[in-house]
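Structural overview
In case you want the letters, here they are:
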Amino acid sequence: MLEEIKKTAAWIKAQTHDFTPEVGIILGTGLGDFADRIETEYALDYKSIPGFPVSTVEGHKGRLIFGRVEGHRVVAMQGRFHYYEGYGMQQVTFPVRVMQQLGIRYLFVSNASGGINTSFRVGDLMVITDHINLMPNPLIGPNMAELGPRFPDMHNCYDRELIARATRIAEEEGIKLQYGVYVGGTGPTFETQAEYRYFKAIGGDAAGMSTVPEVIVARHMSIPVFGVSVITNCGLSDEVGDHEDVQRQGKKAGVRMQRLFERMIKEL
Ligand code: HPA
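Report follows, based on the coordinates.

Conventions we followed
- Per chain, the residues get numbers from 1 upward, laid out in the order the sequence is written.
- In keeping with the predicted nature of the model, local features appear solely for residues at pLDDT of at least 70, side-chain atom pairs appear and are counted solely at 80 or more, and the whole-chain, interface and lining totals rest on all residues.
- Side-chain figures throughout are based on the complete set of non-hydrogen atoms in the structure, without hydrogens or water.
- The numbering of helices and of strands both runs from the N terminus, where a helix is a DSSP run of H or I of at least 4 residues and a strand a run of E of at least 2.
- Restricting the calculation to C-alpha atoms gives the radius of gyration, and the globule rule supplies 2.2 Å times the number of residues raised to the power 0.38.
- Accessible area is worked out with a 1.4 Å probe on protein chains only. A residue is then buried under 20% of its type maximum, exposed over 50%, and partly exposed in between.
- Two residues form a contact once any of their heavy atoms are found within 4.5 Å.
- Each accessible area value is a Shrake-Rupley result obtained with a 1.4 Å probe; residue values ignore everything except the protein chains displayed when judging cover.
- In this tally Asp and Glu are treated as negative and Lys and Arg as positive; neither His nor the chain ends contributes.
- A charged residue contributes its charge at one atom only: NZ of Lys, CZ of Arg, CG of Asp or CD of Glu.
- Here, strands pair whenever DSSP counts at least two bridges between them.
- A side-chain nitrogen of Lys or Arg and a carboxyl oxygen of Asp or Glu constitute a salt bridge if their distance falls within 4 Å.
- Inter-axis angles, ranging from 0 to 180 degrees, are taken between N-to-C directions of lines fitted to C-alpha atoms, where helices are fitted over the stretch in contact.
- For classification purposes, an angle smaller than 35 degrees is called roughly parallel, one larger than 145 roughly antiparallel, one from 65 to 115 roughly perpendicular, and anything else oblique.
- Rotating anticlockwise by less than a right angle from the far helix to the near helix defines a left-handed crossing, while the corresponding clockwise rotation defines a right-handed one.

Quick look at the overall build of the chain now. Helix and strand content of the chain: six helices and nine strands. A compact globule built from 268 residues should have a C-alpha radius of gyration of about 18 Å, and the chain, at 17 Å, falls within 12% of that. Overall, the chain is about 50 × 40 × 35 Å in size when its C-alpha atoms are taken along their principal axes. Every one of the 268 residues in the chain was classed for burial, and the buried ones make up 55%. When contacts within the chain are restricted to residue pairs at least 6 apart in sequence, those whose partners lie at least 24 apart make up 83%. Split by element, the accessible area of the chain, about 11,500 Å² in all, is 48% carbon and sulfur. Here the chain holds 28 positive side-chain charges and 32 negative ones, and the gap between their average locations is 3 Å.

Rendered as structure tokens:
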């Protein structure tokens, strides 16, 4: 596995003339527009990258973008790999391993989720303060000791300093933020009403189908993580979740999300 990761990283380095990103960004559902804010130097289609899985979900482009945001070098995943697409956890998290080899010192993630905290509204941005993993753990299997410990600590998975900075920036920018615990399930079904109640009962504020595997792998390698979720539906209301609505709401909130991410990167 480690060999494959290194091979892919070496191939990318050769293609990008040793571009060394400081920040890795995973652009989730409806938030691909952030790619337009990157002064792009290189863009690689996933399908051209040896070892990379290929994204299949509608609205996910499937490119790795290298460039600058506010003067900082970033690598952004336009489109991510979901467990529900049928990829193994090693594949879902492969790009994060590769980004670490390329040199990232921070991981920024975004996603869409269903609010289960009843004070949340559709279109809210939720800073992820913690998560509950209801998917298979991506670290199951032989430990890659060169990358991190067998039993990684998961306290403060989402970096406290970055959260504090987001709070200050949001105040300055007039962006309303919610805070909460992201419950990562496998999908692809949205939750039943009983499941939303269950997620709430165990301490969740929002339900989603991504992010947790990538964050676990980043934390295995001690990379500080910042994550924001767009609340695209309210799980405990009677309305039904559907993929198009998720994409539409994600796009609308994307403008505020982009502003926040830009300022966060500027201040690194
Ligand atoms: N559940 C799981 N994933 C989601 C949801 C949801 O309600 N909304 C957007 N992604």
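This next bit is on the pairing of strand β3 (residues 63–69). Of all seven residues in β3, five are buried; the element is thus mostly enclosed. Bridging between strand β2 (residues 39–45) and β3 involves six bridges; their strand directions are antiparallel. Bridged to Glu-39 within β3 is Arg-68.

Turning to the pattern of salt bridges, a few remarks are in order. One pass over the structure, following the stated rule, counts 13 salt bridges. One salt bridge in this structure joins Asp-124 and Lys-176, with 3.3 Å as the shortest N-O distance. Here Lys-176 lies in the loop between α3 (160–173) and β7 (177–184) and Asp-124 lies in the loop between β5 (106–115) and β6 (125–133), a separation of 52 residues in the sequence. Note that Arg-168 is salt-bridged to Glu-172, the shortest N-O span being 3.2 Å.

At a minimum axis distance of 10 Å, the contact between α3 and helix α6 (residues 243–266) shows a crossing angle of 120 degrees. Classed by the angle they form, the pair α3 and α6 counts as oblique. In the packing of α3 onto α6, the handedness of the crossing is right-handed. Together, Leu-162, Arg-165, Ala-166, Arg-168, Ile-169, Ala-170, Glu-172 and Glu-173 of α3 and Arg-259, Leu-260, Arg-263 and Met-264 of α6 make up the contact between the two elements.

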